[in-house]
Amino acid sequence: MPLGLRADVLVAGFAGALAAIALLNSVPAVGDTWRALLETSCKRLFVATTSSLTAGYLTPLILLWSGVPDSLLLGAAFAVGGGAQKAMAFVMRRFFGDEPPKGGAA
């Protein structure tokens, strides 16, 4: 299914996400049991995939908006993929607050 994304930008964003997970410990492990390791691995895979998609969509827009030359596309995709996790957490805290919204039956 074509999404309109360039494969090289997605790979650079994925590499940035993996670097952030490995070096910055952005998705820390929660335990040492098999279940905890499986849950952590699934979380890391989800975070890396979403960071890659974020880099694929946002990097061309950021370069177009800032006027940076196209030769920096892959480096910018790596940076966006690495920083997407923290940036999205900041945006969610900013707009939705620290607590989840309360709702449901009273």
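That block above? That's the structure.
Criteria and cut-off values
- Residues numbered from 1 in each chain as written.
- Predicted model: local features only at pLDDT ≥ 70, side-chain atom pairs only at ≥ 80, totals over all residues.
- Heavy atoms only, no water.
- Helix = DSSP H or I, 4+ residues; strand = E, 2+ residues; numbered from the N terminus.
- Rg over C-alpha atoms; globule rule 2.2 N^0.38 Å.
- Buried < 20%, exposed > 50% of the residue type's maximum accessible area, 1.4 Å probe, protein only.
- Areas by Shrake-Rupley, 256 points an atom, 1.4 Å probe, with all protein chains shown as cover.
- Lys, Arg positive; Asp, Glu negative; His and termini not counted.
- Charge placed at Lys NZ, Arg CZ, Asp CG, Glu CD.
- 1 Å grid on protein atoms, 1.4 Å probe; cavity = no way out; pocket = protein on both sides within 12 Å on 5 of 7 lines; lining within 4 Å.
- Points joined across faces, edges and corners; volume = space filled by probe spheres on them.
- Nonpolar A, V, L, I, M, F, W, Y, C, P; charged D, E, K, R; others polar.
- Expected span 1.5 Å × (residues − 1).

Undergrad: If you had to explain the overall build of the protein to someone new, which residues and values would you point to?
TA: Regarding its fold elements, the protein presents three helices and zero strands. Taking 2.2 N^0.38 as the reference for a compact globule, 106 residues should give roughly 13 Å; the C-alpha atoms of the protein span a radius of gyration of 16 Å, well beyond that estimate. Counting only C-alpha atoms and orienting by the principal axes, one finds that the protein spans roughly 50 × 35 × 30 Å. Counting all 106 residues of the protein, 27% fall into the buried class. For the protein, the exposed surface amounts to about 7,900 Å²; the carbon and sulfur share of it is 70%. Distance from the positive charge centre (8 side chains) to the negative charge centre (6 side chains) of the protein: 4 Å.

Undergrad: Residue-level account of the layout of surface pockets, with values.
TA: Of the pockets and cavities examined, the largest pocket occupies roughly 190 Å³. In terms of lining residues, the largest pocket is bounded by Ser 26, Val 27, Val 47, Gln 85, Lys 86, Met 88, Ala 89 and Met 92. Of the residues belonging to the lining of the largest pocket, the class tally is five nonpolar, two polar and one charged.

Undergrad: Go over helix α1 (residues 7-23), please, and point to the residues and values.
TA: Taking 1.5 Å of rise per residue, the 17 residues of α1 would be expected to cover 24 Å, and the 24 Å separating its terminal C-alpha atoms lies within 8% of that figure. Those residues of α1 that fall on the buried side of the exposure criterion are Val 9, Ala 12, Gly 13, Gly 16, Ala 17, Ala 20 and Ile 21. Following α1 by one or two positions, Asn 25 has its phi on the positive side, about 50°.

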